[in-house]
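Letter by letter, the chains look like this.
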Amino acid sequence: LTPFSASEDMRSTWQGKAGRSPLQALYESDQFEQSSLQAVHQQRREMLSNVCSHYTRKRRLLQPDDLRHLVVDDTHGLLYCYVPKVACTNWKRVMMVLTGQGKYQDPLEIPAHEAHVPSNLRTLSEYSVPEINYRLRSYLKFVFVREPFERLVSAYRNKFTLSYNTAFHKRYGTKIIRRHRQEPSNRALERGDDVRFEEFVYYLLDPRTQQEEPFNEHWERVHSLCHPCIIHYDVVGKYETLAEDANYILQLVGADTSVKFPASSKTTRTTDDMTAQFFQDISPFYQRRLFNLYKMDYLLFNYSIPSYLRIR
């Protein structure tokens, strides 16, 4: 497969059903005429563009393997780059409703595990190069992001502190404990189910980790999963404004009004205060190094340096 470029001519070129770009459709619609969301999303796109032009000197070509996180909805002309720990289960459920030709009515009726079955949704990497280029040029492209350290702590809590995630304990926990715990017990080495957050941080910062294999998608940086400096997203949704942004996208693509993004009811959600507690025991030296590792996500998506960090 020849590599292809999602370069300047693909910026905001989604053609809606009436052949208009999403921004034209937006401006011409009475419904959105007074919407402050319009200005918010324009600002987010401009921030992204400015940071990209400042920090990325050399534009590389995308390979099909770069597009495994872009879910395709050919019915509504939609591309969604999913980021684990940023409401991606619910977004995959919604995409199954949108692409299911009536098979699914309510996103919440779809079991969470089914939303993650690869065959239930097509990704852009499965298409031919001409088909990929066509969709990058003409579909509405969106991504959802989250405060990077809050997302990181959410991934840690989900994958390393819950007893049922034995696959992660075996795959990653045993390696983390072997490398980053002094005098680990045989039980810990065998089960890998009691990884401390501090050990997880050491693992992320260990040069061997990325030399051996790419980061797991649950803690990989958004800019590495979704390539926002190469693919020009029409909408950058935020976890902090999830309901409004999700509704905005569904209206933009003309989704049936019966399709609703599931309301969040989780009381176990990782918050800023909770994240701060996890960082209490991380030394300023490692806080700084970890911040540098996720710095591009902070810059691209306009998140402030967390106030609990001791790196100033």
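The rules behind each value
- Residues numbered from 1 in each chain as written.
- Predicted model: local features only at pLDDT ≥ 70, side-chain atom pairs only at ≥ 80, totals over all residues.
- Heavy atoms only, no water.
- Phe/Tyr/Trp six-rings, centres within 6.5 Å; stacked < 30°, edge-to-face > 60°.
- Helix = DSSP H or I, 4+ residues; strand = E, 2+ residues; numbered from the N terminus.
- Buried < 20%, exposed > 50% of the residue type's maximum accessible area, 1.4 Å probe, protein only.
- Lys NZ or Arg CZ within 6 Å of the ring centre and 35° of its normal.
- Pairing = 2+ DSSP bridges.
- Axes fitted to C-alpha atoms, helices over the stretch in contact; angles between N-to-C directions.
- Parallel < 35°, antiparallel > 145°, perpendicular 65-115°, else oblique.
- Left-handed = near helix turned anticlockwise from the far one by under 90°.
- Contact = heavy atoms within 4.5 Å.
- Nonpolar A, V, L, I, M, F, W, Y, C, P; charged D, E, K, R; others polar.
- Salt bridge = Lys/Arg side-chain N within 4 Å of Asp/Glu carboxyl O.
- Disulfide = S-S within 2.5 Å.
- Core = buried A, V, L, I, M, F, W, Y, C linked by side-chain atoms within 4.5 Å.
- Domains from an automatic or database assignment.
- Expected span 1.5 Å × (residues − 1).
- Polar contact = N/O pair within 3.5 Å; in protein donor to acceptor, adjacent residues only side chain to side chain.

## Observations concerning the packing of aromatic side chains
What the rule picks out here adds up to 29 aromatic pairs. Geometrically, the ring pair formed by Tyr-80 and Trp-91 is tilted, given 5.6 Å between the ring centres and 40 degrees between the ring planes. Residue Tyr-80 is located in strand β2 (residues 78–81), and its partner Trp-91 is located in helix α4 (residues 88–99); the two are separated by eleven residues in the primary sequence. Note on Tyr-80: relative accessible area 0%, which makes it buried. By relative accessible area, Trp-91 is classed as buried at 0%. Between the aromatic rings of Phe-142 and Phe-144, the centroid separation amounts to 6.2 Å while the plane-to-plane angle is 90 degrees, which identifies the pairing as edge-to-face. Take Phe-144: its relative accessible area is 1%, and that puts it in the buried class. Over the ring of Tyr-127 we find Arg-122; its NZ or CZ atom is 4.1 Å from the centre of that ring.

## Some details on the sheet that holds strand β3 (residues 140–145)
Within the open sheet, the four strands sit side by side as β1-β2-β3-β4. Their pairing is mixed. Of all strands in the sheet, those with a lone pairing partner are β1 (70–73) and β4 (235–238), marking the two edges. The average undirected angle you get between the axes of adjacent strands in this sheet is 25 degrees. For β1 and β2, the ladder comprises four bridges, and the chain directions are antiparallel. In the strand pairing of β2, Asp-73 is matched with Leu-78.

## Some thoughts on the packing of helix α7 (residues 148–160) against helix α10 (residues 197–205)
Running from N to C, α7 and α10 cross one another at 115 degrees; their axes reach a closest spacing of 11 Å. Of the possible angle classes, the one that applies to α7 and α10 is roughly perpendicular. Where α7 crosses over α10, the handedness of that crossing is right-handed. Facing Leu-152, Val-153, Tyr-156 and Phe-160 of α7, the residues of α10 in contact are Phe-197, Phe-200 and Leu-204. Here the contact of α7 with α10 is built from residues that sort into seven nonpolar, no polar and no charged.

## Side note on the pattern of salt bridges
In the structure shown here, the tally under the stated rule is 18 salt bridges. Notably, a salt bridge pairs Arg-196 with Glu-199, separated by 3.0 Å at the nearest N-O pair. The residue Arg-208 makes a salt bridge to Asp-206 at a minimum N-O spacing of 2.7 Å. A relative accessible area of 37% means that Arg-208 is categorised as partly exposed. Here Asp-206 falls in the buried class, since its relative accessible area comes to 9%. Each of the salt bridges in this network shares a partner with another, and the network as a whole consists of Arg-171, Lys-175, Arg-179, Glu-212 and Glu-213.

## Brief notes about the state of the cysteines
All told, the structure shown has two disulfides when counted by the stated rule. Each sulfur of the disulfide joining Cys-52 and Cys-229 lies 2.0 Å from the other. Here the S-S torsion is close to -80 degrees, and the disulfide linking Cys-52 with Cys-229 is therefore left-handed. Residue Cys-52 is located in helix α3 (residues 36–55), and its partner Cys-229 is located in the loop between α12 (222–226) and β4; the two are separated by 177 residues in the primary sequence. There is no split in this pair, since Cys-52 and Cys-229 are both buried. Paired through a disulfide, Cys-81 and Cys-226 show a sulfur-sulfur distance of 2.0 Å. What sets the handedness of the Cys-81 and Cys-226 disulfide is the S-S torsion sign, and at about -90 degrees it is left-handed. Taken together, the residues Cys-81 in strand β2 and Cys-226 in helix α12 connect sequence positions 145 residues apart. Residue classification places Cys-81 among the buried residues on the basis of a relative accessible area of 1%. Numbered in order of appearance, the disulfide-bonded cysteines of the chain are paired 1-4, 2-3.

## Focus: the nonpolar core
Trp-91, Phe-149, Phe-200, Leu-204, Trp-219, Leu-290 and Tyr-294 are the most contacted members of the largest nonpolar core, which totals 90 residues. Counting residues per element, this core draws most heavily on α4, at seven residues. Two domains each donate at least three residues to this core, and these are domain 1 (22–147 + 221–253) and domain 2 (149–218 + 270–296). The contacts of Trp-91, once residues within four sequence positions are left out, are Tyr-80, Phe-142, Phe-144, Leu-242, Ala-246, Ile-249, Leu-250 and Phe-261.

## Remarks on α7
Since there are 3.6 residues in each turn of an α-helix, residues three or four apart along the chain are aligned in direction. The end-to-end C-alpha distance of α7 is 18 Å, a good match for the 18 Å that 13 residues give at a rise of 1.5 Å each. Among the 13 residues that make up α7, twelve are buried, leaving the element largely enclosed by the rest of the structure. For α7, the full list of buried residues reads Pro-148, Phe-149, Glu-150, Arg-151, Leu-152, Val-153, Ser-154, Ala-155, Tyr-156, Asn-158, Lys-159 and Phe-160. In the core, the buried residues of α7 are packed alongside α8 (166–180), α10, α12, α14 (272–279), α15 (284–293) and α16 (295–300). N-cap assignment for α7: the residue whose side-chain oxygen lies 3.0 Å from the backbone N of Phe-149 is Glu-147.

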